[in-house]
Each structure stands twice: as structure tokens, then as C-alpha cells.
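# An overview of the molecular structure
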Amino acid sequence: MGIPTYEQLMLPLLKILSDRKIYTNKECIDLLAIKMNLTEAELKELLPSGKKYVFYDRVNWAKTYMKKARLVDSPKRGSIRITDEGLALLNENPSDLKSKDLLRYNSFVQFVNSRNKTPSNNKINKIILNEKTPSEEIADAFENLKTSLADEILEKINSCSFEFFEKLVVELLIKMGYGGSREEAGRATKKTGDEGIDGIINEDRLGLDSIYIQAKRWKDTIVGRPEIQKFSGALDAPGANKGIFITTSTFSKEAREYVKAINTKSIVLIEGMQLAQYMIEFNVGVSTEIIYEVKRLDTDYFIEE
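Residues numbered from 1 in each chain as written. Predicted model: local features only at pLDDT ≥ 70, side-chain atom pairs only at ≥ 80, totals over all residues. Heavy atoms only, no water.

This part is about unusual backbone geometry. Unusually for a residue other than glycine, arginine 20 sits at a positive phi of about 70 degrees. Relative to the helices and strands, arginine 20 resides in the loop between α1 (6–16) and β1 (23–24). If you check the backbone angles, asparagine 37 has positive phi at about 55 degrees while not being a glycine. Summarising the element assignment, asparagine 37 is placed in the loop between α2 (25–35) and α3 (40–43). (Helix = DSSP H or I, 4+ residues; strand = E, 2+ residues; numbered from the N terminus.)

See below:
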């Protein structure tokens, strides 16, 4: 089944609260996890930010939306209980509960309208709520922007010279922690003429190990197994057992399977989209346009001594 959406969690949460007891947020999360038969892996799944669990986020928004509809309330910090309105809804024996169902409550309609900055025709049936939580909406929008930027980066790389591409690869590897200084990395990655190896770079600043590099600025040509076999063969030189093959295009299935089958060498394949994502992550060829701060409540601030 996977992790339920926040909408799929609203009715089960309301049923847990039907005994009128006060539950802590943690108790609700634990009881819902058992009720939904979630695995340990699902409970530990994180949002793309890496700072919040998906299930926790969805339970929190299910609770928030029902609070806005006044189906539940919080008698004290970090707790939740059902209201008379919530019990009345359960007595109707609903089969499920969605955000649109909450529009029957004026308090929730006011909440939704306060979120919609663009005026509508004021008809309730025109109010549409997303099935995803706001945290997930932000994450999706961020990923879409990153994908669009990655496409722009690849288009720009393919319009530049190969010499610039080599310089870009060196810059990225340095930002990722390889090669020592820019001067050392630049010197190391000059063409060696050794069986197709484009360069050699230190794995760390102390130069304890070396990584062989090949970079192909190909746009529409898929890098196949023969190219990877030649690269692997070049790693037969003494002390050479690690390599990075970078391309602006993609690798064939056979090329990837060949790399997985190699036991004596370690070869990493970086294709165009992944290369662009690394550039975004390590700030190579990109700059920050705007920053949105997503804040959370500081509960410690509101503790009265």
C-alpha cells in the first residue's frame, strides 16, 4: 500500500480519537503506524529535504486540517482530542474523509480562502485542495526547478568547447573533494595519451590513491559497452583500479551491466543529468537566484517559567 496520504489518515485518526481521550502527537503517530501496517523502512522515509519523515509530515497535516475544521482541538501543547463536531461526523459513518469534505465547515472554508491569494468566484465548489501536504508541494516544485535547471546546464555544456568541458569536470571534482588544489588537479587531468585515459586525479589531498578519468561531451550518442570495456582495459596499468567515466549523454544498459559485473575494478558512471545535478549541488556554473525560508514553530519559546 505504501505510506497513506494525509487524506487517507484523517478518518483513521478521527476514529482513534473517538474515545474522547487526550492523545499525544507521538501516540497518534504510533497508533496510526500500527493501524496502517507500515514497515520500518516506510516510517523512516524522509522528504527530499532530509529533515522530516514523510509519515510524520502527513499525520501532522491531517491533524492540522481537521483542527481548522474544528473536528479536533489541542487542549495542551503536543496533544490532540476529538470535539463534539468530530464525533458528530463519525456518527454519520463516513467511508472516507477528504479535504473537500471539510468544506462543509465554515472555519475550514475561511482557512482555505486565506491560503488562496488569487480571488475566485467565491463558490465553494471551485476550491480545490491538493492531495499532497504543503511540505510535499514545496519539495515537488523544488525538484521540478532543479530538473529544468539541469536541462539548461546540459544544453549550455554541449554548446561550449571540449576544453571548457574538461575545465568544468576538474572544477566539479575539486568541489566534490578530489584532486587537492586547482593547480594540482588541472595538471593531473591533462591528457596522458595512455589508452584513452583523459587524466588522473588524486582521490584525496594526500595523494594516497589515484582515480582515472575519461570525459565524453556527447549529446545524442549513447555510451555503450565497448567504450567502457576500453576504459576498463586502460585501468589494467599498475596501481590503477578506480575510474570515473563522465558523459553529457547516457550509458546503455549493457554498459551499466558490464560495470556491475567487474569485481577487480571500481568504475563510476556519471551521465548527463547526474552530472548537471552534481553541478547544482556543488554550485558549479550556477548561482542562487532567490532563497525562501521555511520556518517551524519554536515550542521552547512559548514555555512559561
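Right, let's talk about the packing of aromatic side chains for a bit. One pass over the structure, following the stated rule, counts 8 aromatic pairs. Their ring planes at 45 degrees and their centres at 5.8 Å tell us that phenylalanine 108 and phenylalanine 111 sit as a pair that is tilted. Of this pair, phenylalanine 108 and phenylalanine 111 both sit in helix α6 (residues 106–115), 3 residues apart, roughly one helical turn. Here the two residues phenylalanine 108 and phenylalanine 111 agree in accessibility, since each one is buried. (Phe/Tyr/Trp six-rings, centres within 6.5 Å; stacked < 30°, edge-to-face > 60°. Buried < 20%, exposed > 50% of the residue type's maximum accessible area, 1.4 Å probe, protein only.)

Once that is clear, we can look at the sheet that holds strand β6 (residues 242–247). Strands in a sheet are paired, the pairing made by backbone hydrogen bonds, and the direction either parallel or antiparallel. On the basis of which strands lie adjacent, the open sheet formed by 4 strands has the order β4-β5-β6-β7 and mixed pairing. Looking along the sheet, the strands with just one partner apiece sit at the ends: β4 (199–202) and β7 (266–270). Direction aside, neighbouring strands of the sheet carry axes that sit 25 degrees apart on average. Both β6 and β7 contribute to a ladder of 5 bridges, which runs parallel. (Pairing = 2+ DSSP bridges. Axes fitted to C-alpha atoms, helices over the stretch in contact; angles between N-to-C directions.)

A separate point is the sheet that holds strand β2 (residues 72–73). Strand order in this open sheet of 3 strands is β1-β3-β2, and the pairing throughout is antiparallel. The open sheet terminates on both sides in strands that have one partner only, identified here as β1 and β2. As paired elements, β1 and strand β3 (residues 79–82) share 2 bridges and run antiparallel to each other. The residue bridging threonine 24 from the neighbouring strand is serine 79, located in β3.

Before going further, it helps to examine the nonpolar core. In this structure, Leu14, Phe55, Leu71, Leu97, Leu102 and Phe108 are the most contacted members of the largest nonpolar core, which totals 40 residues. With 21 residues, the next largest nonpolar core counts Ile153, Val169, Ile201 and Ile211 among its residues. (Core = buried A, V, L, I, M, F, W, Y, C linked by side-chain atoms within 4.5 Å.)

Next up on the list: the pattern of salt bridges. The full count for this structure, using the stated rule, is 10 salt bridges. The salt bridge partner of arginine 20 is aspartate 84, with a shortest N-O separation of 2.8 Å. A residue pair is termed long-range when its members are at least 10 positions apart, and arginine 20 in the loop between α1 and β1 and aspartate 84 in helix α5 (residues 84–91) qualify at 64 residues. The exposure class assigned to aspartate 84 is exposed, which follows from its relative accessible area of 55%. (Salt bridge = Lys/Arg side-chain N within 4 Å of Asp/Glu carboxyl O.)

Further remarks concern the packing of helix α10 (residues 225–234) against helix α11 (residues 253–261). Two elements in contact, α10 and α11, have axes separated by 8 Å at closest approach and are oriented at 30 degrees. In terms of their interaxial angle, α10 and α11 are classed as roughly parallel. Along the contact surface, α10 presents Arg225, Ile228, Gln229 and Ser232, while α11 presents Glu254, Ala255, Tyr258 and Val259. Among the residues making up the contact of α10 with α11, the classes are represented as 4 nonpolar, 2 polar and 2 charged. (Parallel < 35°, antiparallel > 145°, perpendicular 65-115°, else oblique. Contact = heavy atoms within 4.5 Å. Nonpolar A, V, L, I, M, F, W, Y, C, P; charged D, E, K, R; others polar.)

A few words now on the environment of leucine 31. Tracing the backbone through its elements, the reader meets leucine 31 in helix α2. Residues leucine 31 and proline 12 lie 19 residues apart in sequence; the distance between their C-alpha atoms is 9.7 Å. Among all residues touching leucine 31, those that are not within four sequence positions of it are Ile16 and Tyr23.

A grouping of Leu46, Tyr53 and Tyr56 is seen on the molecular surface, where their side chains present a nonpolar patch of about 290 Å² in accessible area. Mapped onto the elements, tyrosine 56 comes out in helix α4 (residues 54–68). (Patch = residues over 30% accessible without salt bridge, like charges linked within 9 Å, V, L, I, M, F, W, Y side chains within 5 Å. Areas by Shrake-Rupley, 256 points an atom, 1.4 Å probe, with all protein chains shown as cover.)

Topologically, threonine 83 is positioned in the loop between β3 and α5. Not counting the four nearest positions on each side in its chain, threonine 83 is found in contact with Arg70, Leu71, Val72 and Asp73.

This part covers the confidence of the model for the protein chain. Averaged over every residue, the pLDDT of the protein chain is 85; residues scoring 70 or more account for 85%. No element of the protein chain has a lower mean pLDDT than helix α9 (residues 182–188), which averages 64, and none a higher one than α5, which averages 97. Within the model, pLDDT remains below 50 along residues 121–127, and this stretch shows 8 contacts once partners closer than five positions in the same chain are excluded. (pLDDT = per-residue confidence, 0-100.)

As a further point, take α4. For α4, built from 15 residues, the straight-helix expectation of 21 Å at 1.5 Å per residue is met to within 8% by its first-to-last C-alpha distance of 21 Å. By the criterion of burial, α4 is predominantly enclosed, with 11 of the 15 residues buried. Taken from the residues just after α4, arginine 70 is the one with a positive phi, measuring 65 degrees. (Expected span 1.5 Å × (residues − 1).)

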